[in-house]
Every structure is written in structure tokens, then in C-alpha cells.
Amino acid sequence: MIKYSETVVNALKDKSPIVALESTIISHGLPRPRNLEIALEVERIVTESGATSATIAILDGQIHVGLEHDQLERVASDENIVKASIRDLAIITSKKKSAATTVAATSHIAHLAGISLFATGGLGGVHREAWQSWDESADLLALANTPVVIVCAGAKSILDVSATLERLETLSVPILGYKTNRFPGFYLTDSGFELEYRADSAQEIAQIWRARGDVATNQSALIVANPVSKEMEKSLHDQLLQDGLARAKADGVIGKDVTPFLLEYFHANSKGESLRVNIEIIKANAALAAQIAVAMS
Ligand code: PSU
Ligand code: MN
């Protein structure tokens, strides 16, 4: 059911470290044509850090774990590629369509493939005014049900971060700040919320991962929250967020279009700042995920 790239097949055979990477960030989270360059660079960082990269996407109904260059190029350049979450997987494969996978769908497939490390940018979560819209990312439920270590820069700041943290607590999803006790805010180093626990090395994270099995709490994800080192200017961030949310409301943007719309709004209006930060985030997360994968193997 899954088609593995040659390098991923070999890494699985050798039981050597592998890092899964998502594709929605490429197709719906970063502007073309820079997205391809960035995706390649992120894969290179994983390799240089001693692990094998496995970018996950669906092409013509086939689930791919590890993409060849031309396949990655398709994901990056095809304007009609859809964003697929877990509920879409069987529909996309049956209809032989192509799709980029979200955090939820990517972690689901990574787990199916026997890969336990996953690097992304920012998690999905509870949207602002969710009490009216009921808009909660499927990433949350996936995190509760999928045993992968997910390295991210916290939840996207476009979200209701407080509500997202409450939901993660309810869903029993553990969070470790990497060298920090503050929950990162994606574009911002600090979302304004504290984390109870931190880890200061890849070895410590690997040890906590193993300890979960001993107490039978290894059915969920383990979130490693890695803050961006040079954040976006706070006043610019807050202004764009306010304007972007107002624009989304005025334009009637709903459902799975909300997140791509807001990310695109930031990219179009921040004079390159949101892109700079987003690139830094995914590169740093890929490198850290590879270090943890090495420590775990
Ligand atoms: N993080 C990024 N860029 C992105 C996303 C995350 O830096 O584009 C994507 C992920 O695929 C995540 C999705 O799963 O946004 C969340 O979408 P929604 O809020 O519709 O669940
Ligand atoms: Mn949603």
C-alpha cells in the first residue's frame, strides 16, 4: 500500500534513523517556487544530521514515504494538489488523486511505515473563536492517537494557543520544551504560556520516549517544542495577525482553507519576515528531529 523510496527502504532494513517530513507545508504553507528549494534543503539537513529523510505525500492515489526529486517537484509546483488529512486518505487513494499530507495524515502514515520521528513547522490546534466556528485541527486527535515524536515550533500563533494547550492536556499528549520552559509561538519564540517540562538533550528525549512504554502511555505523540531563535518582530506579527484574521472573516474563509489563507497572508504582507522565520523553524526542527532519531536508534 505504501511505496518507499530506495533510501527509505534501505534505512528501514538497516533500522537506521529516519525522519518523516510533511508535504502540506510545501504545497500550502510556503510560497512557490521557493518551496521546492526549501523542501530540498530540509531533506539535506536531515541527511547531514545522520538520518534518512522521508517526505510523505500521495501521488495519483499512491502513498509515498520518501519522494524522488521529480515527485517532490510535483508536490511543490502542482497548484491543484489538495491538502489531505486522515479522513481523506482512503478517498484520495481510491480516486487515484494527488494530495499533500497534513501533520495529522503524515504522522498517521509515518506510524504505519514504522517511522517514529516527524519534523514539522507549527502544529494545528484550536482556532480563535472556535466556540462559534467549532474549528479545531484534526492534528489534535491525531496527536492523541499516534505514537510519534513530533518536533515543532509549538502551535501556530494564528490559533487560540491557550485552548490548544488545554486540549492537549485533556488528550494526554505530553509536551517537552527543548531547552526552554516556555511554549513557543511558531513565528514567536514565546507564545506567552509556560511549559511544565523541558528536555535539554536528544538523549533525554529518547529516554523519555522509551519510558513511556514502561507505563503504557505510548499510544500518543510526544511533542518536542523547539523555539525559533530569531523571532519575527512582535509588533509586525500582531498587526498582521489582526489584519489577516479580519480579512479571513470578511472573505468568509472556512474549513481547511483557514490555515493556508492566514499563512499566505503573512507571507504576502511581512516583506519576507514570515518566510525567513518559517524557513528557520523547519530547518532547525529537521536537524533536531534527526538528532533525536539518532539518539533513539
Ligand atoms: N506548519 C507550517 N505550515 C503549514 C502547516 C503547519 O509551518 O502549512 C500545515 C500542517 O500540515 C498542519 C496544517 O497539519 O497546516 C493544519 O491545518 P488545519 O488547521 O486546517 O488542521
Ligand atoms: Mn480546521
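Worth saying up front: this structure is predicted, and the values here are computed from it rather than measured.

Go over the overall build of the protein chain with me, naming the residues and quoting the values.
A tally of helices and strands in the protein chain yields 13 helices and 13 strands. On C-alpha atoms alone, the protein chain measures out to a radius of gyration of 18 Å, which is about the 19 Å that the 2.2 N^0.38 rule sets for 297 residues. Structurally, the protein chain occupies a C-alpha span of about 50 × 45 × 30 Å along its principal axes. Each of the 297 residues in the protein chain was classed as buried or not, and the buried ones make up 55%. Relative to all contacts within the protein chain whose residues are 6 or more apart in sequence, the contacts with residues 24 or more apart total 74%.

Outline the pairing of strand β8 (residues 149–152), supporting the account with residue identities and numerical values.
Residues Val-149 and Val-151 point to one face of β8 and Ile-150 and Cys-152 to the other, with burial holding for every one of them. Pairing of strand β7 (residues 117–119) with β8, which is carried by three bridges, proceeds in the parallel orientation. Paired with Ala-119 across the bridge in β8 is Val-151. In the sheet, β8 pairs with strand β13 (residues 222–225) via four bridges, with the strands oriented parallel. The residue bridging Val-151 from the neighbouring strand is Val-224, located in β13.

Please set out the pattern of salt bridges residue by residue, giving values where relevant.
Following the criterion strictly, the structure yields 14 salt bridges and no others. When the shortest N-O distance is used, the salt bridge between Arg-276 and Glu-273 registers 2.9 Å. Remark: Glu-273 and Arg-276 occur in helix α13 (residues 273–296); sequence separation between them is three residues, near one turn of the helix. We note a salt bridge from Arg-276 to Glu-280, for which the minimum N-O separation is 3.6 Å. Linking Arg-276 with Glu-280, this pair stays in helix α13, spanning four residues, or about one helical turn. Classification of Arg-276 as partly exposed rests on a relative accessible area of 25%. Relative accessible area serves as the criterion here: at 22%, Glu-280 is assigned to the partly exposed category. Overlapping salt bridges, with partners in common, bring together Glu-41, Arg-44, Glu-48 and Lys-283 in one network.

Can you lay out the side chain of Ser-85 for me, pointing to particular residues and giving the numbers?
Relative to the assigned elements, Ser-85 resides in the loop between β5 (82–84) and α5 (89–94). Other than its neighbours up to four places away in sequence, Ser-85 contacts Thr-102, Ala-104, Ala-105 and Ala-138.

So what about the packing of aromatic side chains? Which residues, and what values?
Applying the stated rule across the entire model yields two aromatic pairs. With a centroid separation of 4.6 Å and an interplanar angle of 50°, the aromatic rings of Phe-186 and Tyr-187 are classed as tilted. For the pair formed by Phe-186 and Tyr-187, the shared burial category is buried. Through a chain of ring-to-ring contacts, three or more aromatic side chains come together here, namely Phe-186, Tyr-187 and Phe-266.

Pulling in residues and values, what's your account of a negative patch on the surface?
A contiguous patch of negative charge, built from Glu-6, Glu-68, Asp-70 and Glu-73, is present on the exposed surface. If you trace the backbone, Glu-73 turns up in helix α4 (residues 69–77). By relative accessible area, Glu-73 is classed as partly exposed at 35%.

Give me the lowdown on the environment of Glu-43, citing residues and values where you can.
With respect to the helices and strands, the residue Glu-43 is situated in helix α3 (residues 34–48). Glu-43 sits in the buried class, given a relative accessible area of 13%. Along the backbone, Glu-43 and Ser-53 are ten residues apart, and their C-alpha atoms lie at a distance of 5.6 Å. Of the polar contacts made by the side chain of Glu-43, one reaches the side chain of Thr-55; its length is 2.6 Å.

Pulling in residues and values, what's your account of the site of ligand 1?
If you check the shell around ligand 1, you find 17 residues, and the closest are Glu-22, Lys-83, Ser-137, Lys-156 and Thr-259. Glu-22 places a polar side-chain atom, nitrogen or oxygen, 2.6 Å from an oxygen atom of ligand 1. Between ligand 1 and His-127, the relevant distance is 3.4 Å, taken from an oxygen atom to a side-chain nitrogen or oxygen of the residue. Considered on its own, ligand 1 offers 480 Å² of accessible surface; in the complex 95% of this is hidden by protein. Mapped by element, the contributors of at least two residues to the shell around ligand 1 are α2 (24–28) and α12 (258–269). Grouping the amino acids of the shell around ligand 1 by side-chain chemistry returns four nonpolar, nine polar and four charged. Each of domain 1 (1–115) and domain 2 (123–297) gives at least three residues to the shell around ligand 1.

About the cut-offs
Residues numbered from 1 in each chain as written. Chains lettered and ligands numbered in written order. Predicted model: local features only at pLDDT ≥ 70, side-chain atom pairs only at ≥ 80, totals over all residues. Heavy atoms only, no water. Helix = DSSP H or I, 4+ residues; strand = E, 2+ residues; numbered from the N terminus. Rg over C-alpha atoms; globule rule 2.2 N^0.38 Å. Buried < 20%, exposed > 50% of the residue type's maximum accessible area, 1.4 Å probe, protein only. Contact = heavy atoms within 4.5 Å. Pairing = 2+ DSSP bridges. Salt bridge = Lys/Arg side-chain N within 4 Å of Asp/Glu carboxyl O. Phe/Tyr/Trp six-rings, centres within 6.5 Å; stacked < 30°, edge-to-face > 60°. Patch = residues over 30% accessible without salt bridge, like charges linked within 9 Å, V, L, I, M, F, W, Y side chains within 5 Å. Areas by Shrake-Rupley, 256 points an atom, 1.4 Å probe, with all protein chains shown as cover. Lys, Arg positive; Asp, Glu negative; His and termini not counted. Charge placed at Lys NZ, Arg CZ, Asp CG, Glu CD. Polar contact = N/O pair within 3.5 Å; in protein donor to acceptor, adjacent residues only side chain to side chain. Near = heavy atom within 4 Å. Nonpolar A, V, L, I, M, F, W, Y, C, P; charged D, E, K, R; others polar. Domains from an automatic or database assignment.

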